[in-house]
Amino acid sequence: MIVTIDGPAGAGKSTVAKMLAGRLGFEFLDTGAMYRTVALELLRLGGIGQAAGLDQWIDGLEMVFEPGRAWLRGEEVTREIRSSGVTALVSTVAEHGQVRRRLVGIQKAYGKGRSLVTEGRDQGTAVFPFAFCKFFLIADVNERALRRFRELEMQGVAVNLDELAHQITERDRRDATREIGPMVAAQDAILIDSTGHSIVQVVDTLENHVNLRRAHVHD
Ligand code: DC
């Protein structure tokens, strides 16, 4: 059984997906980590233009993913893929058709025969169109920027709040307007606005929807 959570950057998808998976006894898949791992490799190579023959290059790139962890060519990169350099590059990398094809292939294979809560931008549309329950999680951009600001503050990173809001808006624009696998709510997705709600309140709402649907299916 697959539950998908899509939506814009900083809406709380990862935290919500992880908690919901824990409550349902499902596995959790963070697909943004996959795009971030490819972006990290390109950043190390000196930018997206440096991967000569990107189409073949991506097929040969060795990556391993486990819930909450990522490895690139055998090296654990779980923390490094969250760097600001990777964040700045990742939505450009995610526009590449061949990158998407490879990662969507990994995601589909991972979902086979598993009970999964998966989060990203295209999970309910391109990757798991027949998912049991789909959510599209949104939140006001100022609240998303503030959440990110606090996260970075805790890590001792000083940033400007307006600049953060601008970066988030720009990343959303790129994610929503790309040709392949754009960020869009599936027609049958349930729209959840987390503005002004705690994580626990949001997880409660999602869990209720899943349980209602389960009860309905078993009737
Ligand atoms: O959720 P995140 O911030 O870790 O995602 C990083 C980027 O990866 C995001 O800007 C868009 C891209 N992405 C995507 O295109 N498709 C997905 N399923 C997940 C993420």
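Above this text sits the structure in question.
So, a few notes on the structure that sits alongside this text. Note that this is a predicted model, so its numbers are computed, not measured.

Rules and cut-offs
Residues numbered from 1 in each chain as written. Predicted model: local features only at pLDDT ≥ 70, side-chain atom pairs only at ≥ 80, totals over all residues. Heavy atoms only, no water. Near = heavy atom within 4 Å. Polar contact = N/O pair within 3.5 Å; in protein donor to acceptor, adjacent residues only side chain to side chain. Areas by Shrake-Rupley, 256 points an atom, 1.4 Å probe, with all protein chains shown as cover. Helix = DSSP H or I, 4+ residues; strand = E, 2+ residues; numbered from the N terminus. Nonpolar A, V, L, I, M, F, W, Y, C, P; charged D, E, K, R; others polar. Pairing = 2+ DSSP bridges. Axes fitted to C-alpha atoms, helices over the stretch in contact; angles between N-to-C directions.

1. Points about the site of the ligand
Consideration 1: Among the 16 residues in the neighbourhood of the ligand, the closest are listed as R36, R100, D122, R171 and R178.
Consideration 2: At 2.8 Å, a side-chain N or O of D122 approaches a nitrogen atom of the ligand.
Consideration 3: Burial of the ligand by the protein amounts to 95% of the accessible area it has alone, namely 450 Å².
Consideration 4: Elements with a minimum of two residues in the shell around the ligand: α2 (32–45), α4 (84–93) and α8 (161–177).
Consideration 5: Considering every element that reaches the shell around the ligand, the biggest residue donor is α2, with 3 residues.
Consideration 6: Here the residues of the shell around the ligand are counted per class, giving 3 nonpolar, 5 polar and 8 charged.

2. Here we look at the sheet that holds strand β1 (residues 2–6)
Consideration 1: Sheet architecture is open: 5 strands sit in the order β2-β6-β1-β7-β8, paired in parallel fashion. Strands at the two margins of the open sheet, each flanked by one partner only, are β2 (27–30) and β8 (190–193). Strand-to-strand twist in this sheet, taken as the mean axis angle between neighbours without regard to direction, amounts to 20°.
Consideration 2: With 4 bridges joining them, β2 and strand β6 (residues 116–120) adopt parallel strand pairing. Bridging across to β6, L29 finds its partner in T118.

All we've got here are geometric facts, nothing functional implied.
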